[in-house]
Structure formats: C-alpha cells, structure tokens
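Single-letter residue listing:
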Amino acid sequence: MDPETGFYQNKAKKESWRTVLTLAYQSLGVVYGDLSTSPLYVYKNTFADDIIHSETNEEIYGVLSCVFWTLTLVPLLKYVFIVLRADDNGEGGTFALYSLLCRHARVNSLPSCQIADEELYEFKKDRISPDPKSNYSSKLKSSLERHKVLQKILLLLALIGTCMVIGDGVLTPAISVFSAVSGVELSMAKDHHKYIEVPVSCIILIGLFALQHYGTHRVGFLFAPVVVLWLLCISAIGLYNIVHWNPHVYQALSPYYIYKFLRKTQRGGWMSLGGILLCITGSEAMFADLGHFSQLSIKIAFTSLVYPSLILAYMGQAAYLSRHHIVDGDYRIGFYVSVPEKLRWPVLVIAILAAVVGSQAIITGTFSIIKQCSALGCFPKVTIVHTSSRIHGQIYIPDINWILMVLCLAVTIGFRDTKRLGNASGLAVITVMLVTTCLMSLVIVLCWHKSVFLALCFVFFFGTIEALYFSASLIKFLEGAWVPIALAFIFLIIMCVWHYGTLKKYEFDVQNKVSLQWLLSLGPSLGIVRVPGIGLVHTELVSGIPAIFSHFVTNLPAFHQVLVFLCIKSVPVPHVRPDERFLIGHIGPREYRLYRCIVRYGYRDVHMDDMEFEKDLVCSIAEFIRSGSIHCSGANHDLVKEEDKLTVVGTCSTHTDGIQMSEENTDKIESVGTSELVEIRSPPSIQQRKKVRFILPDSPKIDRVAQEELRELVEAREAGIAYILGHSYMRAKQGSSMIKKFVISYGYEFLRRNSRAATYALSVPHASTLEVGMAYHV
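Residues numbered from 1 in each chain as written. Predicted model: local features only at pLDDT ≥ 70, side-chain atom pairs only at ≥ 80, totals over all residues. Heavy atoms only, no water.

A.B. asks: Can you explain the overall build of the chain? Please cite residues and give values.
C.D. replies: Regarding its fold elements, the chain presents 26 helices and 13 strands. Taking all 778 residues of the chain together, the buried fraction comes to 59%. Relative to all contacts within the chain whose residues are 6 or more apart in sequence, the contacts with residues 24 or more apart total 83%. Split by element, the accessible area of the chain, about 32100 Å² in all, is 61% carbon and sulfur. (Helix = DSSP H or I, 4+ residues; strand = E, 2+ residues; numbered from the N terminus. Buried < 20%, exposed > 50% of the residue type's maximum accessible area, 1.4 Å probe, protein only. Contact = heavy atoms within 4.5 Å. Areas by Shrake-Rupley, 256 points an atom, 1.4 Å probe, with all protein chains shown as cover.)

Printed below as a string of structure tokens:
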C-alpha cells in the first residue's frame, strides 16, 4: 500500500477502543524504551559524588521524593495533559511546535512560501480567529511578523532544541547500553569488570547501528514485548523490595522530604539534581513520536503501565537502600544491587534488550528530526531511505547513522562510566524541555488564544523546575556536560550556515530571474528548434523564469517541444494531501507549451519515486489542460503570483473521474467511472519508445485547442523526459565582510558539495540529465 495514501485513510477512520489499545501497546516499544530504562542509572548518578547515603536515610528518601514529584510534574502533568494537545495536525516535536507558530504568525523562514500554501487543508484547518475582546494574541502576532530579529530568535530557539535532540541521539544509546552492561560488576571483581563493560557495550552499539538499514519494522514486533517484560520485571522487583525491606517507604513521597533533603545537603543536594534529572530522560519522546500514534494511546500507555511501574521501581530501590548502608564503593549504589541475587543474570539480559530498544527509539527519532530540518531548509540534503512501504515515517539516513555510531563509541570509550555520561545526557534532555516550554508558551497565546497570564504561569511553573535542573547540570560542565554543548554547537553552526546560504541563493535567483517579456519576444519556438520530448527544468523559484534558462536558450541549438519549470518545495505542514500536491499553470500563451509545476510536500511526507513521479506529473498537466478548457473557475483555485496563474491539481489517484494515463502495451480500454471514454493517442508515424495514451471522459467535451495540446503532450511523453539541472557555485561579492566570505565561499560551498543535490527526491536518471554550471555572487 502507498504509505501516503494509507496515512490519510488511517487518519480518516474514527479510532475504536481496540485501535487505541493496540496503538498504546505498540507505543510501549517505540516511545517508552528510553524512559523505562532510567532506573538503571538514576540512583547511581545521584550518589556518585555530591551526596552520600547515610544511616538516617534522609538522602535516599529525599531523592525518592524528588524523583516521584519530577515524574509527576514533568512527564505526567506537563507532557501528558498539556503539551500533547499542541500537536501539528497529529505531529509532535520541536519542529512541529515551530511549524505551528509559523502558520499562525506568518514567521516562516522558508523563502518559497506562497499565498496558495495557506489554502492547504492542514494549513488552515486549525486556524481560529482570536477573540476580539482580547488583543494580546494579535499584538504578539504583529510583533513577531514585524520584527525580523524576533523571527530569527524563534528559529534559533527551535534549532537549539533540535541540536540537543541530535546530541541526545548520541548520548542515550551510550548511557543506556553501558548502564545495562554494568550489571556484570556484581558478578566479578571491580578490577576485572571494567575490562568487560566497555568492549561489550561497544560491540552491542556497533551491532545496533549496523542493523539500522533493515528498518525498525522488521524487528518491531519484539520491541513492545521487551519493554512490557522490562516494566513488569522492575515493578515486581520494586514491589518485592518494598514489602520485604521497608513497607513504610511510601512516606517518602511527601514533598516534605525534599525540603529535609535540601536543608541537610545544601549545595551537594542541588548538584545531585543532575542525577535525579535522568529519571525523565525520554519524556520528550512522548511528544516527538506523536505522529506515529495518537494522544489517547500515548496517555493510556503512560498512565496505566509506565508511570506506576517506574514509581514502584524507584520506591523498591529506595526501600532496599534504606536497610543497606554499608557499601563497598559508589558503584554498589545502583539498580542491580537491589535485584535478588538469583534473578540478576536474567534481569541483566532483559535490561540489555530494553536498553537496545530505548536506543533504537532515539536513533529513529534523530533520523526523523533531521529529515524535518532538511525539508524546512535548515539542514543539508541527505540520503533518506524509507525502510517500510507500509508504516509511515520509518526512515534510515546512512550518513547520519554512521556519524552517530562514531560519536557514540567515542563518548563510551572516552568516559567509561555512567557518571559523566549521565551529566552529558541530563543537560541535553533538560535543554530540549526548556525549549519546549518556551515554544509552548507562545502556542498558548498565538494558537490556543488563551490569556498571557496563563502562558506566563505555564512558563514560570515548569520553567522554574527545569531551570533548577538545568543549572545543576550546567555546573558539571567539565565533568561531561560539555559534550552535548559541543555537539549542539557544531550542528547549530552547520544548520545556520546552510539556512543562511539557502536564503541568499534564493534571493539571488529572485533578483536575477528572466523577464516574461524577454521570453515572449523569442516567439513560440523560443528562437530555437523544438524537438520531441519533455524537458523538466529544475528551479527553486515559484514564479518567474530562472536566470539559468537564458544560458540554455542561448547556448543550445534545440530544446524540447514541452518545457516544464519544475519546483519541488516543502511547506510548513506535516503532510500535504495528494489532491493538493501539484500547482500547475501556463507560462505565456498556450502555444508556447511552457508550464510551471510546483510540487508541494510536507516535512513528514514520503517523496514519490521517479517513475511514479513522472506519471503523476504528466497526468496532472493533462488534467490541468482538460479542466482549463472546460471552465475558468469551479474546482480551479486560481491564484495570481506575478505573471503566473496556478491551479491546484491532485495526483492520478485523486481525480479518477478525470484524465487517466495508460502506458501499457495493450489495446484494452479500462473503464473510469461510468462515463464513456475517449482516447487521445499520438500519430502512428512517431517512433515510439513506450505506448502512451490519455483516457478521458466523453463528457464534458473539451475544445479542439486543448485536444491538440493533449496530443502534443502524449507525443512528448513517448519521446521521453529529460531533466535539466543547473549547478550553482556561490561566492561572496567583493567587498563583503570576512565573516560572509567565510560562511558563503567556504562553509556553505563545502556543505553543498558534500550533500545531495536539490533534486534528490526525484532519483534523477543520469542518462536523462543535462547539467549546466553557473557562478553566483551574493
């Protein structure tokens, strides 16, 4: 099944309870792998250096109370009950919030935006006019739209959150796998186990990243059972420890113990918050992976199984430690010491499997967010492999996969302990949460049209908690927290350079585009010989003739009889419906056979392959010709942008009552709808590579001019399609600042040469490609 079509069919269906429960079960393996493995390292990191476990138990009770209230306030209250509601047409994550704000305040950073994009179903369906009695929303909106600095700050905030997610994709597999493997420390001498933990962890990590190209759907059926088994295991062990060692440990859930803990430990207790913070690692995944499931399914899974299991696990560990104060070293205060000795090896195996599942989820999430950044012009083009034709959104990015693997192995071998890995992971996690809190406050005002007071309460309450944890993590900069900052800085520089270069290149194209008057002065033949075939001239422009086309016309002796100026662009919505995919219009008079085609994709859409794309493109142009000959309005969403009039046309599957294209070598005519069909074929004298025909309804009639235009399109399609690409080489103008020269001439050009071409989505065949280079001075 086509993943795109299946996605919209699934969204259209009303979710039954059976569907919701099935999704809730599946979400356990995808969403909660990271969060569920946090008991492996929270207590170990908390008691590493800053505080000690004394016989008064004030420290362990205080830590348990902090863990309980942190899990209750952040994942449960903030994410489950508030943030999950801020979905972007079913999608979640940092860029989903940014996309939502872009549409409501028109602060989108994409240069190729059009008025037509605001007519997209997903663009306008959640637009609600603000309450006229309250003008706070309109004032904030106008301020964002008027001040470019605020727009850049908003984009920078979203990019920082994105970079920290990528950093988390490096650190989470390292700390999860290393903490799981560290269970061997209780079965051998301390001098020996350190030679086992790092090699075994590295082997598991290499195997994990090496298997990514198979796709999670091939082993996905194992994920949910592993996490369920792990959650049941830690909750059962926790319950056993509570009953057996300290049934009164529940009293530590009172926030009074937090006060006693901080009063006694003071600065050490504040610094230990960096370890306590790790209990909510993976909480952001509930929002980021929202597009694969539903709000209700994620809420059910968390509240019914994940949350109570984690609470029991932490209470059980605290109950055990409250009766065991003599330890041989800091490594003895951990998860495995509270596991009954007979169960340690089975639990070790289950823990390693759960750590692999949790790592898999964050790696897949990293792939998804990089795809979103690339689609919205904030990351270089990369090779994206869709690993499942049935499950929407499962992708694999080879280059990023191997970069993540190298970085993950580097931090594992470099740190070799959960303390510094925890410090690094904690800072990445809390930074993403702070970014989400800031963006959510804007969503509350701009998108939900609530009062500014409510937004300030949200920021103050959750921001205070997260800022406290952030400060405790940041103070450990030299003890591992520098890693996510360094990683985020590198990726942020890459994103900013690419985004800046992309904007400058588009500005140059707009300023140097060819006038329509020049094109019309050449006549219908464009002053050259028109040969059979379709020429697809790739351009980033949504209007006007690209400057590079004048190079083609003045340097080539012949050109194709049908020319299509093709623009493939992303829009700030997660998905574009198939019936809104194409914007098509004539350039100049109809006899010139010049068309503009804008192909729109959402940042989570699956791009069509080259054969499917070619068929849909030609068929959509034919449908545009037919519909344009019948009426001038009606289903035609006419929008004038400079000299172009564009019409919204869907893919072949969306206009079954219109023109259908057949490329079969058969004389059989298939029925379309109930109307009688008429064929348009090319003349038999043409030497045909492939037999092509248009099948169109007998009613309503189309005029003779349109029939001739369709017949010529058939001839051109049979002669073949050529892809005409222009390669730009950007250089900074003379007199530019040193920073601009370095960013454009070296930074952007280095990224451009080492990334995929802008036409990567087409899978352009080399045999049908014509490339011309052009130097840009911006």
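A.B. asks: Can you tell me about the environment of Val 306, naming the residues and giving the values?
C.D. replies: Its location among the elements puts Val 306 in helix α16 (residues 295-321). Beyond its immediate chain neighbours, meaning those up to four positions away, Val 306 contacts Leu 28, Tyr 32, Leu 35, Leu 231 and Ala 301.

A.B. asks: Let's hear about the side chain of Ser 322: which residues, and what values?
C.D. replies: Positionally, Ser 322 belongs in the loop between α16 and α17 (344-375). A relative accessible area of 2% means that Ser 322 is categorised as buried. A distance of 3.1 Å separates a polar atom in the side chain of Ser 322 from a polar atom in the side chain of Asn 246. Beyond its immediate stretch of four places on either side in the chain, Ser 322 contacts His 53, Asn 57, Tyr 61 and Asn 246. (Polar contact = N/O pair within 3.5 Å; in protein donor to acceptor, adjacent residues only side chain to side chain.)

A.B. asks: With reference to specific residues and values, describe helix α2 (residues 17-30).
C.D. replies: Over its 14 residues, α2 runs 20 Å from end to end, which matches the ideal 20 Å to within 8%, given 1.5 Å per residue. Residues of α2 that are buried include every one of Val 20, Leu 23, Ala 24, Ser 27, Leu 28 and Gly 29, and no others. (Expected span 1.5 Å × (residues − 1).)

A.B. asks: Please give an account of the packing of helix α9 (residues 148-181) against helix α21 (residues 482-511) that cites residues and values.
C.D. replies: Closest axis-to-axis distance for the α9/α21 pair is 8 Å, and the angle between their directions is 130°. Between α9 and α21, the angle is such that the two are oblique. As α9 runs across α21, the sense of the crossing is right-handed. Where α9 approaches α21, its residues Leu 155, Leu 156, Leu 159, Ile 160, Thr 162, Cys 163, Met 164, Ile 166, Gly 167, Val 170 and Leu 171 are matched on the opposing element by Val 483, Pro 484, Ile 485, Leu 487, Ala 488, Phe 491, Leu 492, Met 495, Cys 496 and His 499. Its residues assigned to classes, the contact of α9 with α21 shows 18 nonpolar, three polar and no charged. (Axes fitted to C-alpha atoms, helices over the stretch in contact; angles between N-to-C directions. Parallel < 35°, antiparallel > 145°, perpendicular 65-115°, else oblique. Left-handed = near helix turned anticlockwise from the far one by under 90°. Nonpolar A, V, L, I, M, F, W, Y, C, P; charged D, E, K, R; others polar.)

A.B. asks: Break down a nonpolar patch on the surface for me, citing the residues and quoting the values.
C.D. replies: Together, Leu 474, Phe 477, Leu 478 and Trp 482 line one region of the surface with nonpolar side chains, adding up to about 420 Å² of accessible area. By the secondary structure assignment, Trp 482 is in helix α21. For Trp 482, a relative accessible area of 39% corresponds to the partly exposed category. (Patch = residues over 30% accessible without salt bridge, like charges linked within 9 Å, V, L, I, M, F, W, Y side chains within 5 Å. Salt bridge = Lys/Arg side-chain N within 4 Å of Asp/Glu carboxyl O.)

A.B. asks: A description of helix α18 (residues 398-415) should follow, citing residues and the corresponding values.
C.D. replies: For the α-helix, the turn length of 3.6 residues means that residues three or four positions removed from each other point alike. Between its terminal C-alpha atoms α18 stretches 26 Å, which fits the 26 Å expected from 18 residues at 1.5 Å a residue. At the C-terminal side of α18, Arg 416 shows a positive phi close to 60°.

A.B. asks: Give me the lowdown on the environment of Leu 155, citing residues and values where you can.
C.D. replies: Mapped onto the elements of the fold, Leu 155 is located in helix α9. Residue classification places Leu 155 among the buried residues on the basis of a relative accessible area of 9%. Remark: the alpha-carbon pair of Leu 155 and Cys 102, spanning 53 residues in sequence, is separated by 9.7 Å. Among residues more than four places away in sequence, those in contact with Leu 155 are Tyr 98, Ser 109, Cys 378 and His 499.

A.B. asks: Account for unusual backbone geometry, with residues named and values stated.
C.D. replies: The phi angle of most residues is negative, glycine excepted, and most peptide bonds adopt the trans form. A positive phi angle, near 65°, is found at Asn 57, a position not held by glycine. The residue Asn 57 is located in the loop between α4 (42-46) and α5 (58-81) in this model. Not every positive phi belongs to a glycine, and Gln 266 is a case in point at roughly 55°. Structurally, Gln 266 is set in the loop between α12 (256-265) and α13 (267-271).

A.B. asks: Before we move on, could you go through the confidence of the model for the chain and cite the residues and values that matter?
C.D. replies: Here the chain averages 80 in pLDDT, while 81% of its residues score no lower than 70. Here strand β7 (residues 639-641) stands out as the least confident element of the chain, with mean pLDDT 40; α5 is the most confident, with 94. Contacts for the low-pLDDT stretch residues 1-14, under 50 throughout, to residues beyond four places or in other chains number 22 contacts. Note on residues 631-643: pLDDT under 50 across the span, and 20 contacts to partners over four residues away in sequence or across chains. (pLDDT = per-residue confidence, 0-100.)

A.B. asks: Residue-level account of the packing of helix α6 (residues 94-105) against helix α19 (residues 418-446), with values.
C.D. replies: Where α6 contacts α19, the axes come no closer than 10 Å and their chain directions differ by 25°. Taken together, α6 and α19 sit at an angle that is classed as roughly parallel. Along this stretch, α6 crosses α19, giving a crossing that reads as left-handed. Residues Thr 94, Leu 97, Leu 100, Leu 101, His 104 and Ala 105 of α6 pack against Val 432, Val 435, Thr 436, Leu 439, Met 440, Leu 442, Val 443 and Leu 446 of α19. In terms of residue class, the contact of α6 with α19 is built from eleven nonpolar, three polar and no charged.

A.B. asks: So what's going on with the side chain of Lys 371? Residues and values would help.
C.D. replies: Inspection of the secondary structure assignment puts Lys 371 in helix α17. Contacts of Lys 371, omitting those with residues within four sequence positions, involve Ile 384, His 386, Ile 395, Ile 397, Tyr 603, Arg 604 and Asp 605.

A.B. asks: Account for the packing of aromatic side chains, with residues named and values stated.
C.D. replies: For the coordinates displayed, the defined rule picks out 18 aromatic pairs. When the centroid spacing of 6.5 Å and the interplanar angle of 85° are considered together, the rings of Phe 415 and Trp 482 count as edge-to-face. In this pair, Phe 415 sits in helix α18 while Trp 482 sits in helix α21, placing the two residues 67 residues apart along the sequence. Through pairs of rings, three or more aromatic residues link up here, namely Tyr 61, Tyr 256, Tyr 257 and Tyr 259. Just above the ring of Trp 448 sits the side chain of Arg 85; from NZ or CZ to the centre is 4.7 Å. (Phe/Tyr/Trp six-rings, centres within 6.5 Å; stacked < 30°, edge-to-face > 60°. Lys NZ or Arg CZ within 6 Å of the ring centre and 35° of its normal.)

A.B. asks: Before we move on, could you go through the pattern of salt bridges and cite the residues and values that matter?
C.D. replies: All chains considered together, the criterion is met by 20 salt bridges. The shortest N-O distance in the salt bridge between Glu 479 and Lys 419 comes to 3.7 Å. On the criterion of sequence distance, the pair formed by Glu 479 in the loop between α20 (452-474) and α21 and Lys 419 in helix α19 is long-range, its members being 60 residues apart. Taking the relative accessible area as the measure of exposure, Lys 419 reaches 26% and is therefore partly exposed. Each of Glu 58, Glu 59, Lys 260 and Lys 264 takes part in salt bridges that share partners, so that together they form one network.

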